[in-house]
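# Notes for the structure review
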Amino acid sequence: ADGIVLVDDATLRFVEFNDAACTSLGYTRDEFSALTALDIQGEPDIAVSRARLDELRRHGRGDFENLHRHKDGRLLHISIRARRIEIGLKHYWIANWHDVTIIRQLNRSLTEESERHRLLMDNSLDGIVMFDDTFHIVECNRRFADMLGYPMEEMPLLDMWDFELRIPRAEVEV
């Protein structure tokens, strides 16, 4: 669930908040009510946090990612949507946030896996080819294209029967 908070603009104290706001960071409601928005910042340089706050004040709203520090010390990647509001003569921030730490980790893992795949394809001395379920080339490495005598840019236009004549097409497509 998203954390939802109402923050006093002058003190940066949490005036109101839902249970998800405090429990997602490991705090009880009482503990969280004693904190300010700066207390949960994962950014070690307070000047960076203050600069972001100044930017938000100039624009009156913002959508951004930030680091929050969990009570146990872990840093969490948080996606935040904040808007400045006025109640009476006081200014507040209403914000909702959700943890995107797992999404960030998955994206990093996918990027690393993609890089390993690319290195394998680019550096293999063997010809490597992948077909879709209609036997059309989805991907191949340069070594495979060189073995067949085709330029790489023509490879996605081929299917298995453009170069494999030992297996009759009718036998495979049954």
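Calculation notes
- Residues numbered from 1 in each chain as written.
- Predicted model: local features only at pLDDT ≥ 70, side-chain atom pairs only at ≥ 80, totals over all residues.
- Heavy atoms only, no water.
- Helix = DSSP H or I, 4+ residues; strand = E, 2+ residues; numbered from the N terminus.
- Buried < 20%, exposed > 50% of the residue type's maximum accessible area, 1.4 Å probe, protein only.
- Polar contact = N/O pair within 3.5 Å; in protein donor to acceptor, adjacent residues only side chain to side chain.
- Expected span 1.5 Å × (residues − 1).
- Pairing = 2+ DSSP bridges.
- Axes fitted to C-alpha atoms, helices over the stretch in contact; angles between N-to-C directions.
- Core = buried A, V, L, I, M, F, W, Y, C linked by side-chain atoms within 4.5 Å.
- Contact = heavy atoms within 4.5 Å.
- pLDDT = per-residue confidence, 0-100.

### Considerations on the side chain of Asp-159
Mapped onto the elements of the fold, Asp-159 is located in the loop between helix H5 (142–148) and helix H6 (169–172). Under the relative-accessibility criterion, Asp-159 is labelled buried at 14%. Reaching out from Asp-159, the side chain makes a polar contact with the backbone nitrogen of Trp-161 at a distance of 3.0 Å.

### Details of helix H3 (residues 46–59)
Helix length check: H3, at 14 residues, gives a terminal C-alpha distance of 20 Å against a target of 20 Å (1.5 Å per residue), a fit within 8%. The N-capping residue of H3, defined by a side-chain oxygen 3.0 Å from the backbone nitrogen of Ala-47, is Asp-45. One or two residues past the end of H3 sits Gly-60, with phi positive at roughly 80°.

### Some details on the sheet that holds strand E3 (residues 61–69)
As a general point, the strands of a sheet are linked pairwise by backbone hydrogen bonds and lie either parallel or antiparallel. Ordered by their spatial adjacency, five strands build an open sheet running E2-E1-E5-E4-E3, and the pairing between neighbours is antiparallel. At either margin of the open sheet sits one strand with a lone partner, and together these are strand E2 (14–17) and E3. Strand-to-strand twist across the sheet, computed as the mean angle between neighbouring axes with direction ignored, equals 30°. Direction of pairing for strand E1 (residues 3–8) relative to E2: antiparallel, over a ladder of three bridges. Paired with Leu-6 across the strands is Glu-16, a residue of E2.

### Focus: the nonpolar core
Val-5, Phe-14, Phe-32 and Trp-97 are the most contacted members of the largest nonpolar core, which has 24 residues in total. Every element with two or more residues in this core is listed here: E1, E2, helix H1 (19–23), H3, strand E4 (75–87) and strand E5 (90–99). Counting residues per element, this core draws most heavily on E4, at four residues. Residues Cys-140, Ala-145, Met-155 and Leu-158 belong to the second largest nonpolar core, which totals six residues.

### A short note on the environment of Asn-141
Here Asn-141 shows up in the loop between strand E7 (137–140) and H5. The sequence separation of Asn-141 and Leu-53 amounts to 88 residues, and the corresponding C-alpha distance is 49 Å. Leave out the neighbours within four places in its chain, and Asn-141 touches Met-121, Ser-124, Asp-126, Gly-127, Ile-128 and Met-152. A polar side-chain atom of Asn-141 sits 3.0 Å from the main-chain amide nitrogen of Phe-144.

### Concerning the environment of Arg-83
Along the polypeptide, Arg-83 turns up in strand E4. Considered as a pair, Arg-83 and Ser-124 are 41 residues apart in the sequence and their alpha carbons are 53 Å apart.

### Considerations on the confidence of the model for the chain
Across the chain, the average pLDDT comes to 93, with 98% of residues at or above 70. Looking at the elements of the chain, mean pLDDT is at its lowest for H6, recorded as 73, and at its highest for E1, recorded as 98.

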